[in-house]
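Below are the chains, spelled out letter by letter.
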Amino acid sequence: MRDAGAFSHYPHPMANHILVTGSAGRIGHAVVQALAAQQLPVIGYDLMPTPGLRPEQCRIGTLEDVTLLQAAANGARCIVHLAATPDDSRFPRGAEPDDGDNFLTELVPNNIVGSYQVMEAARKGGVSRVILASTGQVIDGHLRNGRIPVRSSTSPEPRYLYACTKVFLEALGQVYSRQHAMTVLAVRLGWCPRPGQEEEFRQSEMGPDVYLSPGDAGRFFLAVVQAKSLPSYSIVYATSKPVRREIYDMAETTRITGYVPQDMWSDGDP
Ligand SMILES: NC(=O)c1ccc[n+]([C@@H]2O[C@H](COP(=O)([O-])OP(=O)(O)OC[C@H]3O[C@@H](n4cnc5c(N)ncnc54)[C@H](O)[C@@H]3O)[C@@H](O)[C@H]2O)c1
């Protein structure tokens, strides 16, 4: 049942809504735009207000604020969990003492503890569908050794410690789907460059083939939210159309979710 007291700060509590964590970020913003364009009821959850959402649709706090998170999750039809520290800050490490490692300071609290809190909020709030943002970095070892295209069944060979937290996320989703009868989809996202990553993207040999445009990111998550049924647990990839060759096998994505990419990277992007 809805915890009305926990919603009391907000003038317009919603029911049957879609909760998007990390809604103010690069991908989150694209997702809330796509959902709102279909008049779907969206609640954004982030450290800051989400552009494009009205104040009453924004929950501002960390994933560790379990009271706020639980109130936001209660009654949701679906949670799209994007909030995370989205990469290693520096790896392999630099020199001591400031070696740039962000595992204990950011990756553990935001990606590991935070994801656990989201799954717990979903379980306690009776949320039946959760979509988890994983990354192609979990299968990086296959790419480096030319074992492409990678498939949904490809086992993890994580890049660095950020990717390890996403392996944990995928496993966490699988446990909750099995133990708590939730539908969980983990998506190994392609590369939707954040501000400041443009040059790194251009230098990357695989970048154009794993590019994920904001428009396609929005369309992908909309497709998953709207899918009539999903397997109890699945892993899929999501990218735009590759420029030269297929790195991620998207057949399973289209079969399960109906998502078909529309965009392709070009010189004007990102
Ligand atoms: N952009 C990409 O290319 C890419 C690729 C693969 C996977 N991902 C994953 O997709 C998700 C979104 O990535 P993005 O590129 O939009 O990142 P981003 O940094 O632009 O957005 C992340 C958002 O999460 C919020 N956030 C972080 N920690 C939080 C916490 N503890 N509590 C509340 N909010 C918190 C941040 O404020 C930010 O707005 C992440 O999980 C990331 O790991 C992104």
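A brief structural summary.

What counts and how
- Residues numbered from 1 in each chain as written.
- Predicted model: local features only at pLDDT ≥ 70, side-chain atom pairs only at ≥ 80, totals over all residues.
- Heavy atoms only, no water.
- Buried < 20%, exposed > 50% of the residue type's maximum accessible area, 1.4 Å probe, protein only.
- Helix = DSSP H or I, 4+ residues; strand = E, 2+ residues; numbered from the N terminus.
- Pairing = 2+ DSSP bridges.
- Right-handed = clockwise from strand over helix to strand, strands pointing away.
- Near = heavy atom within 4 Å.
- Polar contact = N/O pair within 3.5 Å; in protein donor to acceptor, adjacent residues only side chain to side chain.
- Areas by Shrake-Rupley, 256 points an atom, 1.4 Å probe, with all protein chains shown as cover.
- Nonpolar A, V, L, I, M, F, W, Y, C, P; charged D, E, K, R; others polar.
- Contact = heavy atoms within 4.5 Å.
- Phe/Tyr/Trp six-rings, centres within 6.5 Å; stacked < 30°, edge-to-face > 60°.

1. Let's talk about the pairing of strand β4 (residues 78-81)
Of the two faces of β4, the one carrying C78 and V80 and the one carrying I79 and H81 are both buried. As paired elements, strand β1 (residues 18-21) and β4 share four bridges and run parallel to each other. The residue bridging T21 from the neighbouring strand is H81, located in β4. One ladder, built from three bridges, connects β4 with strand β5 (residues 129-135); its direction is parallel. Note on β5: the bridge partner recorded for I79 is V130.

2. Looking at the pairing of strand β2 (residues 42-46)
Remark: a regular strand shows side chains that alternate across the two faces of the sheet. Summarising burial for β2: five of the five residues are buried, a large majority. Here β2 shows no split at all, with V42, G44 and D46 on one side and I43 and Y45 on the other all buried. Pairing of β1 with β2 involves four bridges; the strand directions are parallel. Its bridge partner being in β2, L19 is matched across the sheet by I43. Crossover β1 to β2 through helix α1 (residues 26-37) is right-handed. Relative to strand β3 (residues 58-60), β2 is paired through three bridges, and the arrangement is parallel. Bridging from a neighbouring strand, G44 pairs with C58 of β3.

3. Focus: the site of the ligand
In the vicinity of the ligand, 26 residues are found, and the nearest of them are D46, L82, Y162, C192 and R194. Contact between the ligand and L63: a nitrogen atom at 3.1 Å from a main-chain N or O atom of the residue. Isolated, the ligand exposes 830 Å² of accessible area, and the fraction of that covered by the protein chains is 90%. Every element with two or more residues in the shell around the ligand is listed here: α1, β5 and α5 (161-180). Residue contributions to the shell around the ligand peak at three residues, all from β5. Residue classes in the shell around the ligand are distributed as 14 nonpolar, eight polar and four charged.

4. What to know about the side chain of T135
Secondary-structure assignment places T135 in strand β5. At 3.0 Å, the side chain of T135 and the backbone nitrogen of Q137 are in polar contact. Here T135 is in contact with Y162, K166, V187, R188 and L189, once residues within four sequence places are set aside.

5. Some points on helix α2 (residues 66-73)
Among the eight residues in α2, six count as buried, and that is most of the element. Among the residues of α2, L68, L69, Q70, A71, A72 and A73 are the ones counted as buried. Packed against the buried residues of α2 are β1, β2, β3, β4 and α3 (103-124). Residue G75 follows α2 closely and has a positive phi angle near 85°.

6. Points about the packing of aromatic side chains
Counting across every chain of the model gives six aromatic pairs. Relative to F221, the ring of F220 lies with its centre 5.0 Å away and its plane at 80°, an arrangement referred to as edge-to-face. The same class applies to F220 and to F221, which are both buried. Each ring, one from F220 and one from Y259, has its centre 5.4 Å from the other, and the planes form 90°; the classification is edge-to-face. Taken as a pair, F220 in helix α8 (residues 214-226) and Y259 in the segment after α9 (251-257) lie far apart in primary sequence, 39 residues in all.

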